[in-house]
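These are the residues of each chain, in order.
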Amino acid sequence: MNGILIMDDDRETWEAVQSIKENSQFMDTPIWKEEMANKGIELIKEKRPAFLLMELSLPDMDGIEFGKKAKEIHPTLHVIVVTHLQMFKTVQSCMNAGFSAYLLKPIANGELLQTLDRLYTARLLHDSLPYLETKKEPDAGELETDLGNPIQTAIKFIHLNYHKPIHLKEAADLVYLSPSYFSRLFKEETGVTFVEFLTDYRLEKSKHLLKITVMPIETIANLTGFGSAAYFATSFKRKEGQTPKEYRNMCTFSETD
């Protein structure tokens, strides 16, 4: 264990880290605290910390850019975002950057300890297996309508907009087909209905968030396009045979076994 670097001027984060040291495997772990990005980079070069706990609003640099730069210097560094921000684009940007976890303030000691335990005991410090998708999703403006391949266009549309309300007619209009014909064509090409495909894609995205964050189930439901936590839980159990909470607990157990 090479220590924890905190990039945050919020005393709450510092106190949360200090409190979990007392009765955990991290009791002898050194902690460094910094607010300015340039000094933080120097600490990363010098100390090679195992974890970076980072607020997204730094005085002299965008937090996501700082996290990316930190990982360029120290590729096995686990970047843990600690923030009040719950916006989809922010979470997606952190996922694309390869960060290891996304925690919401006010941070609970148990949530922080669970995250550190998961990353540490899974020996992720010694391999580069990410817990987030690192494949970059294209921006919404990059969608090109290919009328020669309407279903592939519709699938790209889902990939870009799954976190928003999406209706079959909207996708059908995009490729200039009637809803009934589009629906029949979609199932012929993919083997499932438009709604089934959309739901499955949203569920896969939700599983990533369940694995690498301790965000509330309702927040994950909203971030992945489900109308409510209840609908999310019902859809998840129907597909996975367990609730989102049970899935999260299973992932935590399997990673620390």
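In this text, all values refer to a predicted model and were calculated from it rather than measured experimentally.

Novice: Summarise the pattern of salt bridges; cite the residues concerned and give the values.
Specialist: Evaluation of the coordinates by the stated rule reveals 12 salt bridges. Note that Asp-10 is salt-bridged to Lys-105, the shortest N-O span being 3.2 Å. One end of the pair, Asp-10, is in the loop between strand S1 (4-7) and helix H1 (11-21); the other, Lys-105, is in the loop between strand S5 (101-104) and helix H5 (109-121), and 95 residues separate them in sequence. Overall, Asp-10 belongs to the partly exposed group, its relative accessible area being 23%. Here Glu-65 ties to Lys-68 by a salt bridge, and the two come within 3.6 Å at their closest N and O atoms. Taken as a pair, Glu-65 and Lys-68 lie in helix H3 (residues 63-73) at a separation of 3 residues, close to a single helical turn. Look at Glu-65 and you get partly exposed, because its relative accessible area is 42%. One network of salt bridges, in which partners are shared, links Asp-8, Asp-10, Glu-55 and Lys-105.

Novice: Quick rundown of the packing of helix H9 (residues 194-212) against helix H11 (residues 229-240)? Include the residues and the values.
Specialist: H11 packs onto H9 with a crossing angle of 100° between their chain directions and a minimal axis gap of 11 Å. Accordingly, the angle class assigned to the pair H9 and H11 is roughly perpendicular. Contact residues: H9 offers Thr-199, Asp-200, Leu-203, Glu-204, Ser-206, Lys-207 and Leu-210, while H11 offers Tyr-231, Phe-232, Ser-235, Phe-236, Lys-239 and Glu-240. Within the contact of H9 with H11, the residues separate by chemical class into 5 nonpolar, 3 polar and 5 charged.

Novice: Describe in detail H3, supporting the description with residues and values.
Specialist: Among all positions of H3, only Gly-63, Ile-64, Phe-66, Gly-67, Ala-70 and Lys-71 are buried. One side of H3 carries all its buried residues, which in axial view fall inside an arc of 160°. Contacts made by the buried residues of H3 are with S1, helix H2 (37-47), strand S3 (51-54), strand S4 (78-83) and helix H4 (88-96). N-capping of H3 is provided by Asp-62, with a side-chain oxygen placed 3.1 Å from the backbone N of Ile-64.

Novice: Give a detailed account of the packing of helix H6 (residues 150-161) against helix H8 (residues 179-190), specifying residues and quantitative values.
Specialist: In contact at an axis separation of 10 Å, H6 and H8 are set at 90° when each is read in the N-to-C sense. Compared by their axis directions, H6 and H8 come out roughly perpendicular. Residues Pro-150, Ile-151, Gln-152, Ala-154, Ile-155 and Ile-158 of H6 form the contact with H8, whose own contacting residues are Phe-182, Leu-185, Phe-186, Glu-189 and Thr-190.

Novice: Please set out the sheet that holds S3 residue by residue, giving values where relevant.
Specialist: Pairing within the open sheet is parallel, and its 5 strands lie in the order S2-S1-S3-S4-S5. Each end of this open sheet is capped by a strand with a single partner; those strands are strand S2 (31-34) and S5. Each strand axis lies, on average, 20° off the axis of its neighbour in the sheet, ignoring direction. Where S1 lies against S2, 4 bridges are found, and the strand directions are parallel. When the bridges of S2 are listed, Ile-4 appears paired with Ile-31. Against the sheet, H1 makes contact with S1, S2, S3 and S4, and its axis sits at roughly 180° relative to S2, the strand it touches most.

Novice: Describe H8, with residues and values.
Specialist: For the α-helix, the turn length of 3.6 residues means that residues three or four positions removed from each other point alike. Relative to the 16 Å expected for 12 residues at 1.5 Å per residue, H8 spans 16 Å between its end C-alpha atoms, a close match to the ideal helical length. At its buried positions, H8 is contacted by H6, helix H7 (168-174) and H9. Positioned one or two residues after H8, Gly-191 has a phi angle of 85°, which is positive.

Novice: So what's going on with the side chain of Glu-55? Residues and values would help.
Specialist: Summarising the element assignment, Glu-55 is placed in the loop between S3 and H3. Given a relative accessible area of 9%, Glu-55 falls into the buried group. For Glu-55, the side chain forms a polar contact with the side chain of Thr-83, separated by 3.2 Å. If we ignore the near neighbours within four places in the chain, the residues touching Glu-55 are Met-7, Asp-8, Gly-63, Val-82, Thr-83 and Lys-105.

Reading guide: rules and limits
- Residues numbered from 1 in each chain as written.
- Predicted model: local features only at pLDDT ≥ 70, side-chain atom pairs only at ≥ 80, totals over all residues.
- Heavy atoms only, no water.
- Salt bridge = Lys/Arg side-chain N within 4 Å of Asp/Glu carboxyl O.
- Helix = DSSP H or I, 4+ residues; strand = E, 2+ residues; numbered from the N terminus.
- Buried < 20%, exposed > 50% of the residue type's maximum accessible area, 1.4 Å probe, protein only.
- Axes fitted to C-alpha atoms, helices over the stretch in contact; angles between N-to-C directions.
- Parallel < 35°, antiparallel > 145°, perpendicular 65-115°, else oblique.
- Contact = heavy atoms within 4.5 Å.
- Nonpolar A, V, L, I, M, F, W, Y, C, P; charged D, E, K, R; others polar.
- Arc of directions from axis to C-beta.
- Polar contact = N/O pair within 3.5 Å; in protein donor to acceptor, adjacent residues only side chain to side chain.
- Pairing = 2+ DSSP bridges.
- Expected span 1.5 Å × (residues − 1).

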